[in-house]
Amino acid sequence: MHDEHYPITDIGLANLCRQLIKRGEGAGDPSQVRVKRFPHARINNRQCYLLEVTYPVHEPKIWGYLARVFMDKEWKFPIRVEVFELPEERAKGLQLVEEYTYLDLKLNNGYSDADFDRKNRQYKFP
């Protein structure tokens, strides 16, 4: 975990969505949070809404200063998140500290619960 923000077990879209909700709810004074919505963003030829969420500078417990969340218009979930921090030496400008992108997703592949069941005999687990 040296120099890492999260363990590998925290990757994935579901965990990303949980983190976004958790961080939004932990924003302290929500009246200080600023959100801008841009309706015409694109990631990898996917049409998205871009949400730019700016958190209060004076709240050190908050994750980042600026979060940019690209919400896929068709799928209705985030496919890219960028998190920037404002360094103590502000002249340096924003620094990218986290970046997650989910491209070429294939949804609803026809898997059943049996495909994820350890007791499935086809897997020949001991």
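Below is a short write-up of the structure.

### Observations regarding the overall build of the protein
Stage number 1. Along its length, the protein carries 1 helix and 5 strands.
Stage number 2. Reading the protein from its N terminus to its C terminus gives the helix and strand order α-β-β-β-β-β.
Stage number 3. Put simply, the protein has 126 residues, and 26% of those count as buried.
Stage number 4. Partitioning the intrachain contacts of the protein with sequence separation of at least 6 by distance along the chain shows that 36% fall at a separation of at least 24.
Stage number 5. If you sum the accessible surface of the protein, you get close to 9,700 Å²; carbon and sulfur atoms cover 51% of it.

### Observations regarding the sheet that holds strand β2 (residues 46-54)
Stage number 1. Strand order in the open sheet formed by 5 strands is β1-β2-β3-β4-β5, with antiparallel pairing between adjacent strands. The open sheet terminates on both sides in strands that have one partner only, identified here as β1 (34-43) and β5 (95-101). Here the average twist between neighbouring strands, direction ignored, is 15°.
Stage number 2. Note: β2 against strand β3 (residues 66-72), 7 bridges, orientation antiparallel. Considered in β3, the bridge of Leu50 is made with Phe70.
Stage number 3. Across the face of the sheet, helix α1 (residues 13-25) comes into contact with β3, β4 (78-85) and β5 while running at roughly 45° to β4.

### A word on the packing of aromatic side chains
Stage number 1. One pass over the structure, following the stated rule, counts 2 aromatic pairs.
Stage number 2. Ring plane angle 15° and centroid distance 5.8 Å describe the contact between Trp75 and Phe77, whose orientation is recorded as stacked.
Stage number 3. The class of Phe77 is buried, set by a relative accessible area of 17%.
Stage number 4. Ring geometry for Tyr111 versus Phe116: centroids 5.9 Å apart, planes at 80°, classification edge-to-face. Neither residue differs from the other here; Tyr111 and Phe116 are each classed as exposed.
Stage number 5. Across from the ring centre of Tyr49, 4.2 Å away, lies the NZ or CZ of Arg37, which sits over that ring.
Stage number 6. The residue whose ring lies beneath Arg46 is Trp75, and the NZ or CZ to ring-centre distance is 3.8 Å.

### Notes on the pattern of salt bridges
Oppositely charged side chains are able to pair whenever their charged atoms sit close together.
Stage number 1. This model, assessed by the stated rule, comprises 6 salt bridges.
Stage number 2. Among the ionic pairs, Asp72 bridges to Arg46, the shortest N-O distance being 2.7 Å. Of the two residues, Asp72 is situated in strand β3 and Arg46 in strand β2; the sequence distance between them amounts to 26 residues.
Stage number 3. Given a relative accessible area of 23%, Arg46 falls into the partly exposed group.
Stage number 4. Put simply, Glu74 and Arg46 hold a salt bridge, and the shortest N to O gap is 2.9 Å. Residue Glu74 is located in the loop between β3 and β4, and its partner Arg46 is located in strand β2; the two are separated by 28 residues in the primary sequence.
Stage number 5. Salt bridges here are not isolated pairs; linked through shared partners, they connect Glu52, Arg68, Arg80, Glu82 and Glu99.

Scoring rules and cut-offs
- Counting restarts for each chain: residues are numbered from 1 in the order of the written sequence.
- At least 70 in pLDDT is required for a residue's local features to be given in this predicted model, at least 80 for side-chain atom pairs to be given and counted, and no such filter applies to totals for whole chains, interfaces and linings, which use all residues.
- To get the side-chain values, all heavy atoms of the structure are used, and hydrogens and water are removed first.
- Elements are defined by DSSP. Helices are runs of H or I of four residues or more, strands are runs of E of two residues or more, and each kind is numbered from the N terminus.
- Under the scheme applied here, a residue whose accessible area is under 20% of the maximum for its type counts as buried, over 50% as exposed, and between as partly exposed, the area being computed with a 1.4 Å probe on protein chains only.
- Residue contacts follow a heavy-atom distance rule, with two residues in contact if any of their heavy atoms lie within 4.5 Å.
- Using the Shrake-Rupley algorithm and a 1.4 Å probe, accessible areas are obtained, with residue cover drawn only from the displayed protein chains.
- Strand pairing follows a simple DSSP-based rule, namely that at least 2 bridges must link the two strands.
- Axes here refer to lines fitted to C-alpha atoms; in helices the fit is confined to the stretch in contact. Angles between the N-to-C directions go from 0 to 180 degrees.
- Centres within 6.5 Å are what make two rings of Phe, Tyr or Trp a pair, Trp counting through its six-membered ring; a difference in plane orientation under 30 degrees is then read as stacked, over 60 as edge-to-face, and the rest as tilted.
- By definition here, charges over rings are those cases where NZ of Lys or CZ of Arg is within 6 Å of the ring centre and within 35 degrees of the ring normal.
- What counts as a salt bridge is simple: a side-chain nitrogen of Lys or Arg found within 4 Å of a carboxyl oxygen of Asp or Glu.

These figures come from the coordinates and say nothing about function on their own.
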